[in-house]
Amino acid sequence: MDAVSADPIAERILAAIRAVPRGAVAGYGQIARRAGLPGRARLVARLLSGNDDPALPWHRILRSDGRIAFPAGSRGFREQVRRLRAEGVVVDKGRVRMPPATDGDLDAALWGPARD
DNA sequence: GCGGTGACTGACA
DNA sequence: CTGTCAGCCACCG
């Protein structure tokens with residue numbers, strides 16, 4: 001039947017990543033959780049490493065600490081920081097401004113654009 | 001089946 | 001604040 005049959009898992013994860021609004025960022029674990037796959041943060045990372053979708057906002061995905069997942073100075077690192085800044089996201093020393101905590105009203109649990 | 005590796009996470013010193 | 005350790009899942013030789 002369909003020659004193009006992607007795994008529903010990957011589809012969910014990709015959908016969760018695409019669901020991140022511009023100027024906001026999310027963590028691997030959060031994306032995984034949003035995709036219905038708690039504890040599969042590594043799976044999300046693996047998907048991104050093998051992603052071939054240029055329209056995928058992979059640069060909005062960070063570690064749980066709000067840190068860039070790439071080693072500082074790496075190609076992907078600079079590229080990610082560059083894109084984030086281009087969206088108005090404040091990146092300092094390879095780290096994104098972390099909000100104190102959400103009151104819970106933010107169901108998406110996404111880190112909004114940090115404003116000074 | 002096993003050990004090593006990775007765009008991870010949380011806990012602890 | 002940084003660094004280390006163990007747990008975790010998926011892939012590879």
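Scroll up to find the structure.
Predicted model, so just to flag it, every value in this text is computed and none were measured. Numbers given for residues are sequential positions, taken from 1 along each chain in its written order. Just so you know, chain letters begin at A and ligand numbers begin at 1, following the order they were written in. Only residues with pLDDT of 70 or above have their local features reported here, since the model is predicted, and side-chain atom pairs are shown and tallied only from 80 upward, although totals for entire chains, interfaces and linings are computed over all residues. Only hydrogens and water are set aside when side-chain values are computed; all heavy atoms of the structure are taken into account.

What follows deals with the protein's contact with DNA strand B. A single heavy atom is enough: if one lies within 4 Å of a molecule or strand, its residue is considered near that molecule or strand. What surrounds DNA strand B is the set Tyr28, Gly29, Ala41, Arg42, Ala45, Leu48, Ser49, Trp58, Arg63, Ser64, Ala69 and Phe70. Tyr28 is positioned such that a nitrogen or oxygen atom in its side chain is 2.8 Å from a base nitrogen of DNA strand B. Distance and chemistry together define a polar contact, namely a pair of N or O atoms within 3.5 Å, with one atom able to donate a hydrogen and the other to accept it when in protein, and with adjacent residues in sequence counting only for side-chain atoms on both sides. Interatomic distance of 3.0 Å between a side-chain N/O atom of Arg42 and a base nitrogen of DNA strand B. Strands here mean DSSP runs of E at least two residues long; helices mean DSSP runs of H or I at least four residues long; both are numbered from the N terminus. It is helix α3 (residues 41-49) that provides the largest number of residues to the surface near DNA strand B, a total of 5 residues. Looking at the surface near DNA strand B residue by residue, the classes come out as 7 nonpolar, 3 polar and 2 charged. Gly counts as polar in this scheme, as do all residues outside two lists: the nonpolar Ala, Val, Leu, Ile, Met, Phe, Trp, Tyr, Cys and Pro, and the charged Asp, Glu, Lys and Arg.

What follows concerns the protein's contact with DNA strand C. All residues in the neighbourhood of DNA strand C are listed as Arg40, Arg42, Leu43, Arg46, Arg67 and Arg95. Put simply, 71% of the atoms of DNA strand C that lie within 4 Å of the protein are in sugar or phosphate. In the model, a base oxygen of DNA strand C is placed 3.2 Å from a nitrogen or oxygen of the Arg42 side chain. Between DNA strand C and Arg95, the relevant distance is 2.8 Å, taken from a phosphate oxygen to a side-chain nitrogen or oxygen of the residue. In terms of residues, the surface near DNA strand C owes the most to one element, α3, which gives 3 residues. The residue inventory of the surface near DNA strand C, partitioned by class, reads 1 nonpolar, no polar and 5 charged.

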